[in-house]
Amino acid sequence: MTVSYDSASPVPPYEQVRSSIAAQINDGTLAVGAKLPTVRALAAELGVAPNTVARAYRELEEAGLLETRGRAGSFVGASGDESRSRARRAAADYASVTRQLGLPAEEALAIVEAALR
């Protein structure tokens, strides 16, 4: 696992750590069940405070992307797969509705992009 962190970035450190790990989970780089480094180990590697990594892990756990198993550590959770599956189903439903309404694909995509902002 490679976590990107830029101390000169205006983005808070915990958010950089969180988004970097989330991206790796979402793109499959970190597989379900993969063990993450301990909070202290990752903090030392990145040169940040342990609370920074702890907050990132906590937010990832709240989002269902990580599971904390006490002293065993933190692992990539299975619900991340379920989240992607739900998103795919929602996208397919949206595509079906926009086709029924006769909206061009470009307009349907523009609506989605506006909603994501």
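Everything quoted here is computed from the prediction, not taken from an experiment. (Residues numbered from 1 in each chain as written. Predicted model: local features only at pLDDT ≥ 70, side-chain atom pairs only at ≥ 80, totals over all residues. Heavy atoms only, no water.)

(A) Focus on the environment of Thr52. Mapped onto the fold, Thr52 is located in helix H3 (residues 50-62). Since its relative accessible area comes to 17%, Thr52 is described here as buried. In sequence terms Thr52 and Tyr14 are 38 residues apart; their C-alpha atoms lie 4.9 Å from each other. In contact with Thr52, other than residues within four places in its own chain, are Pro13 and Tyr14. (Helix = DSSP H or I, 4+ residues; strand = E, 2+ residues; numbered from the N terminus. Buried < 20%, exposed > 50% of the residue type's maximum accessible area, 1.4 Å probe, protein only. Contact = heavy atoms within 4.5 Å.)

(B) The packing of aromatic side chains, seen in detail. Considering all chains together, one arrives at zero aromatic pairs under this definition. Positioned above the aromatic ring of Tyr14 is the side chain of Arg55, whose terminal nitrogen or guanidinium carbon lies 3.6 Å from the ring centre. In this structure, Arg69 is placed above the aromatic ring of Phe75, and the distance from its NZ or CZ to the ring centre is 4.0 Å. (Phe/Tyr/Trp six-rings, centres within 6.5 Å; stacked < 30°, edge-to-face > 60°. Lys NZ or Arg CZ within 6 Å of the ring centre and 35° of its normal.)

(C) The arrangement of the side chain of Gln16 in detail. One can find Gln16 in helix H1 (residues 13-26). Of note is the side chain of Gln16, whose polar atom sits 2.7 Å from the backbone nitrogen of Asp6. Within the local environment of Gln16, its side chain forms a polar contact with the backbone oxygen of Val11, the two atoms lying 2.8 Å apart. Non-local contacts of Gln16, meaning those with residues more than four positions away in its chain, are made with Ser4, Tyr5, Asp6, Ser9 and Val11. (Polar contact = N/O pair within 3.5 Å; in protein donor to acceptor, adjacent residues only side chain to side chain.)

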